[in-house]
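Summary of structural features
Here's the letter readout for the chains.
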Amino acid sequence: MSPPRCKRVVVTPGFDPQSQPVVPADMLAPLSQDSIQLDFICSAFGRSIDWKVEPIFTEAFSADLLLPTDVVQAAVFVALVQRPSGLHVLFTKRASHLYDHAGQICFPGGRIEHTDRDAIAAALRETYEEIGVAPEFIQLIGTQPSFLTSTRFTMKPVIGVIRPGFTITPDSTEVAEVFEVPLSVLMDPRLHRLHQANLPGGGHRFYFSITWQSYFIWGATAALIRNIYHYLSAAELKIKG
């Protein structure tokens with residue numbers, strides 16, 4: 001099927017992302033177990049991979065090339081954690097009193113300040129400020145294309161693994177909860193649902209969601225996860241043939 005053109009979601013009061021209709025999306029194969037291991041992921045990000053971003057959000061993922069004006073540049077840290085059962089990904093649930101995206105699930109991160117050297121420095125700084133993981137516990141792996149959100153932020157994903165020995169100390173003014181989701185869940189596109197949000201004034205918007213236990217991951221965070229899947233899927237094809 002040809003992908004619908006993305007019109008980015010603008011959340012309005014009373015909007016419930018979990019209740020919006022689920023619509024058909026391309027059926028994609030889950031990654032093999034070998035492709036969600038740390039060695040493979042590091043190898044994949046160390047190569048030049050011919051791949052395409054999530055087609056529904058091609059325009060939103062063109063922020064690095066188009067350099068849109070009147071946007072706030074931000075960076076997020078996609079933190080991998082090695083557990084006995086496999087790799088997990090660390091998420092935060094935003095505090096309910098925050099003005100922007102209260103109660104939503106996201107990656108640690110925030111705006112790139114003028115004192116930050118680059119997006120990577122901003123992601124590491126925000127991770128330390130939000131959840132207390134110091135940069136010395138982080139091994140960087142790579143980056144992904146920035147995503148332009150409906151609130152006019154460009155989110156630059158920085159991917160890395162947190163080394164053993166770290167502790168989590170959330171900043172309660174920003175973070176209500178820190179939790180982990182198995183990477184095997186996130187990299188299984190059979191669990192990615194595409195929603196169509198009908199707008200009060202007519203028209204509609206599309207966004208992905210992933211549900212794990214009681215957690216509903218959607219919007220820009222789910223789009224970044226979907227893009228990582230596309231990258232690793234292309235790497236799997238190239239490296240393993």
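Anything mentioned here points back to the structure above.
Overview of the structure. (Residues numbered from 1 in each chain as written. Predicted model: local features only at pLDDT ≥ 70, side-chain atom pairs only at ≥ 80, totals over all residues. Heavy atoms only, no water.)

**A look at the side chain of Ser209**
Within the secondary structure, Ser209 sits in strand β11 (residues 204–212). Within the structure, the side chain of Ser209 is placed 2.7 Å from the side chain of His195, a separation counted as a polar contact. Those residues in contact with Ser209 that lie beyond four places of it in its chain are Leu191, His192, Arg193, His195, Phe216, Ile217, Trp218 and Ala222. (Helix = DSSP H or I, 4+ residues; strand = E, 2+ residues; numbered from the N terminus. Polar contact = N/O pair within 3.5 Å; in protein donor to acceptor, adjacent residues only side chain to side chain. Contact = heavy atoms within 4.5 Å.)

**As for the sheet that holds strand β10 (residues 193–198)**
Pairing within the open sheet is antiparallel, and its four strands lie in the order β1-β10-β11-β12. Each edge of the open sheet is held by one strand with a lone partner, namely β1 (22–23) and β12 (215–218). Both β11 and β12 contribute to a ladder of four bridges, which runs antiparallel. Its bridge partner being in β12, Trp212 is matched across the sheet by Tyr215. This element, helix α5 (residues 220–240), spans β11 and β12 of the sheet and lies at about 75° to β12. (Pairing = 2+ DSSP bridges. Axes fitted to C-alpha atoms, helices over the stretch in contact; angles between N-to-C directions.)

**Side note on the pattern of salt bridges**
Evaluation of the coordinates by the stated rule reveals eight salt bridges. With its nearest N and O atoms 3.7 Å apart, the salt bridge here joins Arg117 to Asp118. The class for Asp118 is partly exposed, based on a relative accessible area of 30%. A salt bridge links Arg125 to Glu129, with the shortest nitrogen-to-oxygen separation between them at 3.3 Å. Of the two residues, Arg125 and Glu129 both sit in helix α3 (residues 119–131), four residues apart, roughly one turn of that helix. Assessed through its relative accessible area of 39%, Glu129 is described here as partly exposed. Taken together, the shared-partner salt bridges in this structure form one network comprising Asp116, Arg125, Glu126 and Glu129. (Salt bridge = Lys/Arg side-chain N within 4 Å of Asp/Glu carboxyl O. Buried < 20%, exposed > 50% of the residue type's maximum accessible area, 1.4 Å probe, protein only.)

**What to know about the nonpolar core**
Ranked by size, the top nonpolar core spans 50 residues in total, and within it Leu80, Phe91, Leu186, Met187 and Leu232 carry the most contacts. It is α5 that provides the largest number of residues to this core, a total of 11 residues. Ignoring anything within four residues of it in the chain, the contact list for Leu186 reads Val89, Phe91, Val181, His192, Ile210, Ile217 and Ile225. Listed in part, the 15 residues of the second largest apolar core include Ala75, Ala79, Val81 and Leu124. (Core = buried A, V, L, I, M, F, W, Y, C linked by side-chain atoms within 4.5 Å.)

What is shown is where atoms sit, not what they do.
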